[in-house]
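Observations on the model geometry
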Amino acid sequence: MVSVDPDSPVPVFEQLREQIERLIRAGELRPGAHLPPIRHLATDLGLARGTVNRVYELLARDGWVRSAGRHGTVVQTPPDPGAGASELPDAADRLALVARQLGLDDAAAHAALDAALGRLPRG
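Structural notes, computed from the coordinates. This one's a predicted model, so the numbers in the text were calculated from it and none came from an experiment.

1. What about the packing of aromatic side chains?
Following the criterion strictly, the structure yields zero aromatic pairs and no others. Across the ring face of Phe13, the terminal group of Arg54 is positioned such that the distance to the ring centre comes to 3.6 Å.

2. Side note on the packing of helix H2 (residues 38-45) against helix H3 (residues 49-61)
Taken N-terminus to C-terminus, the directions of H2 and H3 make an angle of 120 degrees; their axes are 8 Å apart at the nearest point. By the angle between their axes, H2 is oblique relative to H3. Handedness of the H2/H3 crossing: right-handed. Counted together, Ile38, Arg39, Leu41 and Ala42 of H2 and Arg49, Val52, Asn53 and Tyr56 of H3 form the full contact between these two elements. Here the residues of the contact of H2 with H3 sort into five nonpolar, one polar and two charged.

3. With respect to the nonpolar core
Among the nonpolar cores identified, the biggest contains 21 residues, and Leu16 and Ile20 are the most heavily contacted of them. Broken down by secondary-structure element, the contributors of at least two residues to this core are helix H1 (12-25), H2 and H3. Each residue touching Leu16, except ones within four places of it in the same chain, is listed here: Val2, Val4, Leu41, Leu45, Leu47, Val52 and Val55.

4. Description of a nonpolar patch on the surface
A surface patch of nonpolar side chains, amounting to about 370 Å² of accessible area, comprises Leu95, Leu113, Leu117 and Leu120. Inspection of the secondary structure assignment puts Leu113 in helix H5 (residues 106-119). Using a relative accessible area of 36% as the deciding quantity, one classes Leu113 as partly exposed.

Criteria and cut-off values
- Residues numbered from 1 in each chain as written.
- Predicted model: local features only at pLDDT ≥ 70, side-chain atom pairs only at ≥ 80, totals over all residues.
- Heavy atoms only, no water.
- Phe/Tyr/Trp six-rings, centres within 6.5 Å; stacked < 30°, edge-to-face > 60°.
- Lys NZ or Arg CZ within 6 Å of the ring centre and 35° of its normal.
- Axes fitted to C-alpha atoms, helices over the stretch in contact; angles between N-to-C directions.
- Helix = DSSP H or I, 4+ residues; strand = E, 2+ residues; numbered from the N terminus.
- Parallel < 35°, antiparallel > 145°, perpendicular 65-115°, else oblique.
- Left-handed = near helix turned anticlockwise from the far one by under 90°.
- Contact = heavy atoms within 4.5 Å.
- Nonpolar A, V, L, I, M, F, W, Y, C, P; charged D, E, K, R; others polar.
- Core = buried A, V, L, I, M, F, W, Y, C linked by side-chain atoms within 4.5 Å.
- Buried < 20%, exposed > 50% of the residue type's maximum accessible area, 1.4 Å probe, protein only.
- Patch = residues over 30% accessible without salt bridge, like charges linked within 9 Å, V, L, I, M, F, W, Y side chains within 5 Å.
- Areas by Shrake-Rupley, 256 points an atom, 1.4 Å probe, with all protein chains shown as cover.
- Salt bridge = Lys/Arg side-chain N within 4 Å of Asp/Glu carboxyl O.

It is worth stressing that arrangement in space is one thing and function is another; only the former is reported here.
Below, the structure written as structure tokens:
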């Protein structure tokens, strides 16, 4: 379902949060679906439980999931789709930072983004 790259300049908790959010946005994780228990996902990914717990807390704060106590963490109806537009500048800043950390020039960064967008289905 998800994976993390410990060698990435993006922190693992952010990699995980972004992947789960994308799965919900894409409808691959539907409202009512249960996320894996924290301890299981942490073990599967080789992460500390606190890292996965932090991800679940951030997703809950942003309205993607809710804690159902002993019944785990449940996917909610995604927040207003228009709300994502306000997050785009922050996402672009993170992408630019990673491009610079990798030593890419502007043309290479633009080409990588164009290629990534080309691999995605049009929404």
